[in-house]
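Chain by chain, the residues:
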Amino acid sequence: ADFEKFVNLILEKNRTLSSVSAEDNQDAIGLAKTYIAEHLAVSDLSRHEIAKAAHISESYLSHLFSKETGLSIKDYINNERLKLAKSLLADTSLPISLVAMRSGYNSPSYFGAFFKKATGTTPAEYRRNFQK
């Protein structure tokens, strides 16, 4: 009977720790996403800085981010930059080179190639099609 109480106590503590850990993981991912959103225009957005903002190690950030979002950090950043670029192309008349810079790309030509590969259209074509 005492052994059974002990095992049940251990199991209950484990469940409690697991739920706290899950909340901590969500908080870390939230902090990482917030940091990324606030620094999208930084072309060399580093995993080190993101991990520092999330208060976890770089390797744990990579593991946790992939586990929680289904995306690598790099893919998540690229998706967010693409969303930002689409929004800027659709809602502003900024030159494409400035859209590239504000979306975190130092090179407008790299931005154009990345955008075309991701969307099937160039930034200029996207803007024209969106304004119709």
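Right above here is the structure, for reference.
Residues numbered from 1 in each chain as written. Predicted model: local features only at pLDDT ≥ 70, side-chain atom pairs only at ≥ 80, totals over all residues. Heavy atoms only, no water.

**Overview of the overall build of the chain**
Counted only if it meets this: Helix and strand assignments come from DSSP, with helices taken as H or I runs of at least 4 residues and strands as E runs of at least 2, each series counted from the N terminus. Remark: exposure states derive from per-residue accessible area (1.4 Å probe, protein chains only) relative to the maximum for the residue type, with buried under 20%, exposed over 50%, and partly exposed in between. In these tables, accessible area is a Shrake-Rupley quantity obtained with a 1.4 Å probe, and a residue counts as shielded only by the protein chains included in the view. Counted as positive: Lys and Arg. Counted as negative: Asp and Glu. His and the chain ends are not counted at all. By convention, charge coordinates are those of NZ in Lys, CZ in Arg, CG in Asp, or CD in Glu.
What the chain contains, in helices and strands, is 7 helices and 0 strands. In the chain, the order of α-helices and β-strands from amino to carboxyl end is α-α-α-α-α-α-α. The dimensions of the chain, computed from C-alpha atoms along their principal axes, are 75 × 30 × 20 Å. Looking at the chain residue by residue over its 132 residues, the buried ones come to 30%. Accessible surface, the chain: about 8500 Å² in total, of which carbon and sulfur atoms supply 56%. Side chains of the chain carry 17 positive and 15 negative charges; the gap between the two charge centres is 11 Å.

**Focus on the pattern of salt bridges**
To keep things clear, this is the line we draw: Any carboxyl oxygen of Asp or Glu within 4 Å of a side-chain nitrogen of Lys or Arg constitutes a salt bridge here.
Tallying each qualifying case throughout the model produces 3 salt bridges. Linking Glu 58 and Arg 47 is a salt bridge whose minimum nitrogen-to-oxygen distance equals 3.5 Å. Here the residue Glu 58 occupies a position in helix 3 (residues 58-69), and Arg 47 occupies one in helix 2 (residues 47-54), the gap between them amounting to 11 residues. Glu 58 gets classed as partly exposed once you look at its relative accessible area, which sits at 30%. With relative accessibility at 38%, the residue Arg 47 sits in the partly exposed group. Residue Lys 83 pairs with Glu 80 through a salt bridge whose shortest N-O separation is 2.8 Å. Pair noted here: Lys 83 and Glu 80 are both in helix 4 (residues 73-91), with a separation of 3 residues, about one helical turn.

**A closer look at the nonpolar core**
Our working definition: Buried residues of nine kinds, namely Ala, Val, Leu, Ile, Met, Phe, Trp, Tyr and Cys, make up a nonpolar core once their side-chain atoms join them within 4.5 Å. Working rule for contacts: check all heavy atoms of both residues, and any pair within 4.5 Å makes them a contact.
One finds Ile 36, Ile 50, Leu 61, Phe 65 and Ile 77 to be the most contacted residues of the largest nonpolar core, which totals 16 residues. For this core, the secondary structure elements donating two or more residues are helix 1 (2-38), helix 2, helix 3 and helix 4. Ranked by residues supplied to this core, first place goes to helix 1 with 5 residues. In contact with Leu 61, other than residues within four places in its own chain, are Ala 32, Arg 47, Ile 50, Ala 51, Ile 56 and Ile 73. Counting residues in hydrophobic clusters, the runner-up holds 12 residues, among them Leu 82, Leu 88, Phe 111 and Phe 115.

**Side note on unusual backbone geometry**
Within the chain, His 55 stands out as a residue other than glycine whose phi angle is a positive 65 degrees. By the element assignment, His 55 lies in the loop between helix 2 and helix 3.

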